[in-house]
Structure formats: structure tokens, C-alpha cells
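# Structural overview for review
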Amino acid sequence: MFPEWMVAFWLRIKALFRRRQLDRDLDDELQFHLAMREQKLTESGVPAEEAHYAARREFGNTTSAKETNRGMWTFPFLETLWQDGRYSLRQLRRHPGFAAVAVTTLALGIGANAAIFSLANAAFFRRLPFPHASRLAFLWQENQKTGETEGAVSYPNYADWRAESHEFEDMAFIMFGKTFLTGSGTATTVTGPNGTELVPSALVSTNFFSVLGVSPMLGRGFTPDDAIFGHTGVAVIAYGLWRTRFGADPHILGQRKSFGGGEDTIIGVMPAGFTFPTGVEIWKPRQMNSVMRIKTRQYPNMAVIGRLRFGVTWPQARTEMNTIAARLAAEYPAIDHGTRVRIVPLREQLSEKVRTGILVLWAFIAAVLLIACLNTAALIIGRTAARQKEIAVRISLGSTRQRLARQFVSESLVLGLSGAFCGVLIAGWSVSLVSKLNPDIAKLNGDVLGLHVLGYTAAVTVIAALLCGIIPLFAVSRIEPGTALKQTSGNSVPAVQLMRRVARCGGGSHRGCSSCRLGAADPKFAPNPQRQSGIRCRTHACFAVL
């Protein structure tokens, strides 16, 4: 009725809950087979005592036979992994100094990699919080005479770009600034006079939110009437400001607050996490009369963002916008002569100033992780030298080299997981610190606890654990059980002591060789032959120890 593999899988699941009973049955079966072999040898004329040992020699290693049979009705890989993990934890608890040094070394390497990848993920891979964000771009005025590549745009130029462009679906402008907020509520950061708070703000076009493709969580966005000169001032606030400054008041809409010296009516609250441009918490519509629209062509003070139409490529958009710029330069040569339009996709704009630095730092941090793995592997090799007898006993009892390899990899994996846990904490602190020091990195808003970053950290941890576990296997493969078991505790030299002796011998030989060179020089007086011979003897003895 059921496939054979499904029946076998179900039997293995049942065996997990009947482990002790199955072990007793297996012991009884092995004893039965040994007894039958012993009886057969006795009946053939072999003395009873000799038959007892001969039966066991013919049967072979009972421990290995048990392991083979258990592998047929359990999940041996998961079982040995669980056993190795518990044993590794006990080993680390018995050697807290080694554990602290190894975990700290791996934590620094893994944490640095997690921190830099969180920034790289934000710069290169993470999805921007806008619908069809790949079609959004900043449009800057490029001046070929002065070499400026990201020049501000005047309002008349923006209006001409928007009216004449067919490759862009729509365009909006932004004017950055800061506003003194004096509205009621509980202030969190008071920096201005009379209890005011300095808040990043922006004057935008009324279609700003629609170009980005976002809508307020509460209330509404701007309408064309809000931009009419003399119209009642309105404002949209960020979710964070709404919660901290106004206590998440659900009746905030329609209230008039003092934003920048004049009272404005709050008409909307943006969703949580939306602060575009980065850090802005208050958006107000830019109001202009007809005279201001004409006279401001020679005063560029805006950043322009546009949304490309479906199916239009960036080269097509650049060709069209430069054609428009050439026409404006011909019409207004005193102002727009030598200007072009530079189009920068939104993701590239947000990470343009730090992309190269992140890639270089990422390569450097990868090298740091490799060094950390090599240092940890050296520590494990040092412990392996002190565990030669343990390894020899396990080999003598039937453990294979492959089984020992899994044990060492499991130990390094426990170290790696411990280092990864501490490394994530270090990475979170590092990203927040670097973001405070560098505003360009703060714009990326790297998230250390994101799924992509945690997945990358897990992959780095596994690779680091394999490096730390595989390298000591070369030392294990050279251990001979017979030779290791014959060594007494006084004759076995742990790796740390060996390194110290080598260091001392190297220093002694260096001093001895220097003394020999001094002795070979002509001192202008009769040297002492006994002192020279003593120097040579110490030097030769040092090389003999090496």
C-alpha cells in the first residue's frame, strides 16, 4: 500500500522513541552470536577459555557491528551530529580559555563580514520600498563648463522638462531644509529656543508622493490647490514624528501646528519606515506665484525625481532629456549654455558615494575572516596535540578517521555558531556607529537582522567552521595510535609548550649567532677561549633541540 521508502522512514521514526529497547535487543543478539561461535569451537575440541577469545576474534569489533546495525534503523548522521555537538560543548566548558579566545576571534571576523554585507545588501541587492523602483531616477543639471555633475535645477527648467518629456511618466521636485517644530506634544529632542525641535523637512511638488507610488497611512496627500500661492498651509508628517512628538494621536488630522514659523494643517501621516529623502519627517508643498515661476530660472535650488514609462530604456530617456536641454540652452544662453541632463537611477544615487568603498572594504574583511579562521585552526591544532592519546584510544576502539573528522568539524561548527551569535551583536553595533559617523552610509539603512544578512552570516559561519575543522585533520591523520599510546604524560609535549620552546630556542640561537659573530671579530685584545667555546655549545645545543 505504501512505498518501501516511506515504510523504512516510518520505522526509523519509531526507532527514535524505542532506542533503549532496540539497544537491549541488539546486545542480546550479539551475545547470542558470540555464544553460538564459542559453542561451535568448544565442540570442535578447542579449550573453553581459548574458544571464548577465539570467538570474539572471529566475530570482529562488536562496537563497530553495533554502529553498523544502528545505522540501519536510525538516522545516523543526525544522531552523531547531536552527540558530537554535546561532546563539543563539554569540551569547551572544560577549556574556557581556549573557548573564549576562539569564539572572540571568529566573532570579530564573522561580525565584520555581517556588518559590511548588510551595507552591501542595502546598496546593491535590497528591494527599495517603492513600487517599480527600478523606473525611478534623479535628474540633475550637468554643467560642462564648471564640471559640476549633480547641479540643482531651477523651477522653470523643471517645468519645461516635465512638459516636454514623453519618456518619463511624471516628474516631481524636492527642496531640502530643516524646520523648527513648536507644536504641542511631548518633545523628544529639544534643540531650539523656547522648546522648539529642529526637524529635517522638505518642500515638494504636489505630485511628489504619486511619482514615488506611495500614499499616506492616515489622511491624504497633496492636491494642486495646495500649491496655489497664499493657500492655507498644509503638511504631511512621518510616522516616527507622529508617534514620538504627537503621541500617535489618531485625531491629528486637521490640527494646526507651527512648522517653521507659520501654522500648517496636518493632512496626512506617512506609513512606518517612509522617510524619503532619508531623514525627512515633514513634507510641505512649495507655493509659487507667476512672477516667482519666471524669475527663479537663474536660481537653481531643486532636486528632480522622475518615473520612467514602461518599456523605455535609460539611453532613450537620456537622449530625449539632452535634446530638451539643448533647446533650453539655445533659448536661454546666458543661463543654460553648456548644460546637460544627468540621469541617475534611484538605487545608484543612494549608494553612489559608497559603492566602491564598500566593495574594497568587503574584500578586506573577507581577508580578515580568513586570517581569523587560520588563527582558530592553529588553536585547534594546539589542542589536538594535547589530545593525541584520546584520539588514539578512540581509533583503537573502532572509530574511523571519517568519524573523527566529523567530530572535529562539529567542534569547529559549535565554535562558529557561538562566534556568529556574538558577531551579529558586533555587526549591529558597528553598523549603527558607522552610520552615525558617515551620513552617506546612513542613507543605506543597513539591517543586520534582515533575512538576506542572516542567510549570508549562516553561510559564512559554515565556511569558517569547515576551514577551522578541516585544517586540523591533517594533524589528526598523522597520529599513530600505537606510538601515541606508548607516550607517557611526561614525554608528550603540548603544542603551546612546543611553540614556547621553539620561540626560546629561536631567540637563543639568534643571540648565540650574534655572539659568534662578535667572537669572530678582531677585538684588539686576546679573547677568552673558554667563553667562545661556551657560546658555541649553547648555540649548537639550541639547534639540537630544534
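For the structure, check the block above.
The following paragraphs examine the structure supplied in this document. Keep in mind it's a predicted model, so treat the numbers as computed, not measured.

## Here we look at the overall build of the chain
- On a plain count of helices and strands, the chain comes out with 21 helices and 11 strands.
- Burial status across the chain gives 39% buried among its 546 residues.
- In the chain, the share of contacts with a sequence separation of at least 24, taken over all contacts with a separation of at least 6, comes to 78%.
- With an accessible surface of roughly 30800 Å², the chain has 61% of that area assigned to carbon and sulfur atoms.

## Quick notes on the packing of aromatic side chains
- Going through the model one piece at a time under the given rule, you end up with 17 aromatic pairs.
- Relative to Phe-173, the ring of Tyr-158 has its centre 5.1 Å away and its plane inclined at 80°; by these criteria the two rings are edge-to-face. One end of the pair, Tyr-158, is in helix α7 (residues 155-164); the other, Phe-173, is in strand β3 (residues 168-181), with 15 residues separating them in the sequence.
- Judged by relative accessible area, Tyr-158 falls into the buried class, the value being 3%.

## Focus on the pattern of salt bridges
- Counting across every chain of the model gives 10 salt bridges.
- Put simply, Arg-327 and Glu-164 hold a salt bridge, and the shortest N to O gap is 2.3 Å. Taken as a pair, Arg-327 in helix α11 (residues 314-331) and Glu-164 in helix α7 lie far apart in primary sequence, 163 residues in all.
- Using a relative accessible area of 33% as the deciding quantity, one classes Arg-327 as partly exposed.

## Thoughts on the pairing of strand β9 (residues 282-285)
- Burial along β9 is two-sided: Ile-282 and Lys-284 and Trp-283 and Pro-285, pointing in opposite directions, are all buried.
- Looking at chain direction, strand β6 (residues 234-237) and β9 are connected through two bridges and run antiparallel. Looking at β9, one finds that Val-236 is bridged to Trp-283.

## Focus: the side chain of Gln-287
- Structurally, Gln-287 can be placed in the loop between β9 and α10 (290-295).
- Residue Gln-287 is classed as buried on the basis of its relative accessible area of 19%.
- At 3.0 Å, the side chain of Gln-287 and the backbone oxygen of Asp-226 are in polar contact.

## What about the environment of Thr-74?
- Structurally, Thr-74 is set in the loop between α4 (62-73) and α5 (76-94).
- The exposure class assigned to Thr-74 is buried, which follows from its relative accessible area of 2%.

## Structural notes on a nonpolar patch on the surface
- A surface patch of nonpolar side chains, about 350 Å² in accessible area, is lined by Leu-370, Leu-374, Ile-463 and Leu-467.
- Looking at the nonpolar patch, the elements that each hand over two or more residues are α14 (355-386) and α18 (451-477).
- The topology assignment puts Leu-467 in helix α18.

## Quick look at the packing of α7 against α11
- Contact geometry of α7 with α11 gives a least axis separation of 10 Å together with a crossing angle of 130°. Taken together, the axes of α7 and α11 lie oblique to each other. Our pair here, α7 against α11, has a crossing hand that is right-handed. Every residue of α11 that contacts α7 at Asn-157, Asp-160, Trp-161 and Glu-164 is listed here: Glu-320, Met-321, Ile-324, Arg-327 and Leu-328.

## Some details on the packing of helix α2 (residues 19-43) against helix α3 (residues 48-59)
- Viewed as axis vectors pointing N to C, α2 and α3 meet at an angle of 130°, and their least axial separation amounts to 8 Å. By the criterion of interaxial angle, the relationship of α2 to α3 is oblique. You can see that α2 and α3 cross each other, and the crossing is right-handed. Contacts from Leu-30, Gln-31, His-33, Leu-34, Arg-37, Glu-38, Leu-41 and Thr-42 of α2 reach α3 at Ala-48, Ala-51, His-52, Ala-54, Ala-55, Arg-56, Glu-58 and Phe-59.
- For the contact of α2 with α3, the class distribution of residues is eight nonpolar, four polar and four charged.

## Some remarks on the nonpolar core
- Counting residues in each nonpolar core, the largest one holds 29 residues, and the members touching the most others are Phe-130, Phe-208, Phe-209, Leu-212, Phe-274, Phe-276 and Trp-283.
- Mapped onto this core, the elements with two or more residues apiece are β1 (136-143), β3, β4 (197-204), α8 (208-212), β6 and β10 (303-308).
- The dominant element in this core, judged by the number of residues it contributes, is α8, at four residues.
- Not counting residues up to four positions away in its chain, the partners in contact with Phe-208 are Ala-172, Phe-173, Ile-174, Phe-276, Pro-277 and Trp-283.

## Observations regarding unusual backbone geometry
- The residue after Phe-276, namely Pro-277, is reached through a cis peptide bond having omega -10°.
- Along the chain, the position of Pro-277 falls in the loop between β8 (262-269) and β9.
- Positive phi, close to 50°, is recorded for His-132, a residue that is not glycine.
- Since its relative accessible area comes to 48%, His-132 is described here as partly exposed.

Cut-offs used in this document
- Residues numbered from 1 in each chain as written.
- Predicted model: local features only at pLDDT ≥ 70, side-chain atom pairs only at ≥ 80, totals over all residues.
- Heavy atoms only, no water.
- Helix = DSSP H or I, 4+ residues; strand = E, 2+ residues; numbered from the N terminus.
- Buried < 20%, exposed > 50% of the residue type's maximum accessible area, 1.4 Å probe, protein only.
- Contact = heavy atoms within 4.5 Å.
- Areas by Shrake-Rupley, 256 points an atom, 1.4 Å probe, with all protein chains shown as cover.
- Phe/Tyr/Trp six-rings, centres within 6.5 Å; stacked < 30°, edge-to-face > 60°.
- Salt bridge = Lys/Arg side-chain N within 4 Å of Asp/Glu carboxyl O.
- Pairing = 2+ DSSP bridges.
- Polar contact = N/O pair within 3.5 Å; in protein donor to acceptor, adjacent residues only side chain to side chain.
- Patch = residues over 30% accessible without salt bridge, like charges linked within 9 Å, V, L, I, M, F, W, Y side chains within 5 Å.
- Axes fitted to C-alpha atoms, helices over the stretch in contact; angles between N-to-C directions.
- Parallel < 35°, antiparallel > 145°, perpendicular 65-115°, else oblique.
- Left-handed = near helix turned anticlockwise from the far one by under 90°.
- Nonpolar A, V, L, I, M, F, W, Y, C, P; charged D, E, K, R; others polar.
- Core = buried A, V, L, I, M, F, W, Y, C linked by side-chain atoms within 4.5 Å.

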